[in-house]
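Summary of the model geometry
Next come the chains, spelled out residue by residue.
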Amino acid sequence: MKNSLQTIGGIFAKHITILAIASIAFSACDDTTESLNPNEYYPLEIGHYIVYDVNQEVYSAGQAAPVVTKWQERDEVDRIASDSAGIVTYIIARLTRNSSTDYWQKVKEYIIHKYPDKLVTNIDNQPFLSLTFPIDSRTTWNGNSYNNLDKQDCYYEPGFKSVKIGEQSFDNVLTVVERNDTSIINKYVTIKQYGLGVGLISDDQTAFEFCQSDDCIGSGKVESGNHKTRRIVEFGSR
C-alpha cells in the first residue's frame, strides 16, 4: 500500500512538474515582448519612409463585380514638434502615385502623438489609439477613446510571426487586430502588422454588407462595401 501511494505521489509530482515547466515556457514565450523596444515597431526618425502597394475593391448593389483601384502610397516622417508637457508630435507626409513610374504627389499630412505608453494617430482630424505599451496580448484597448465614434476593441495577437511580403521577409512581426466584427449580415475586420525597425508593413481592412434577401442570406454574398489592403514595397531613410 505504501509503495502504491509513493507511486501515485510520484506520478502526481511528475505531472505537476510538467505543468509547471509548460507554464513557465508559455509565460516565457508570451513575455518575449518585454525584451523588445516597442517603439521600434513604429520608427519615427525624420526621413524614415515606407512605400506601399495599395489595392481597393469597392462593391456596389447591382454590380456583378467590384471596382478595383490600385496605386502606391509613401508615408514619410517630415518633421517633429513638442509641447510644454513634453508630448512629441510627428508630422507625416503622405504622397501618392498611380504606378512606380509616375512622380510622387503630396496629398496630405497627418500627425502621430507619442506618449510614454501609447501612440495616437490623427488622420483627417480623426484621432485613433493605434498602439499601447508595454506590448501584451492580454491587453485590450478602445481605439476610439480619443474620438466620438463607437467603442472599438483592439488587441495584440499572442506571440510574433515571420511574414513574407513580396520578396521581403520580416521576423518578430507584431499583429494588431483593430476590429473583428463578423455576423451573418456583415463583416468588419481590420488587421495591421508591424515590422521591428520598420513600422507598418501590412494593413488589411474589410467592410462588407452581405446579401440579406431570403434567397441568399447566409451565403456570404457581398452586397456592398469595400476591401482595402496596403502592403509594404520598400522602406528606408532619405
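Residues numbered from 1 in each chain as written. Predicted model: local features only at pLDDT ≥ 70, side-chain atom pairs only at ≥ 80, totals over all residues. Heavy atoms only, no water.

**Topic: the confidence of the model for the protein chain**
We count it as follows: As a per-residue measure, pLDDT reflects the predictor's confidence and takes values from 0 up to 100. For helices the rule is a DSSP run of H or I covering at least 4 residues; for strands it is a run of E covering at least 2, with both sets numbered from the N terminus onward. Any two residues whose heavy atoms approach within 4.5 Å at even a single point are treated as in contact.
Predicted confidence across the protein chain gives a mean pLDDT of 87, with 85% of residues reaching 70 or more. Across the protein chain, element-level confidence peaks in strand S1 (residues 48–59) with a mean pLDDT of 98 and bottoms out in helix H1 (residues 2–30) with 42. A low-confidence stretch, residues 4–9 stays under pLDDT 50, and its non-local contacts, those more than four residues away or across chains, total 0 contacts. Confidence drops under a pLDDT of 50 for residues 11–33, and excluding neighbours within four residues, the segment shows 7 contacts in the predicted structure.

**Here's the deal with the environment of Val-77**
This is how it is decided: Burial classification: accessible surface area is computed with a 1.4 Å probe over protein chains only, and a residue below 20% of its type maximum counts as buried, one above 50% as exposed, and the rest as partly exposed.
One can find Val-77 in strand S2 (residues 67–82). You can call Val-77 buried: its relative accessible area is 3%. Here the alpha-carbon distance between Val-77 and Ser-237, two residues 160 residues apart in the chain, equals 9.3 Å. Ignoring sequence-local partners within four residues, the contact set of Val-77 consists of Pro-43, Leu-44, Glu-45, Ile-46, Gly-47, His-48, Tyr-90, Ile-91, Ile-92 and Arg-238.

**Quick look at the state of the cysteines**
Note the following rule: Cysteine sulfur atoms that pair up within 2.5 Å are treated as a disulfide.
What the rule picks out here adds up to 1 disulfide. The residue that forms a disulfide with Cys-211 is Cys-216, at a sulfur-sulfur distance of 1.7 Å. In this structure, the disulfide formed by Cys-211 and Cys-216 twists by about -50 degrees around the S-S bond and is classed as left-handed. Owing to a relative accessible area of 7%, Cys-211 belongs among the buried residues under this scheme.

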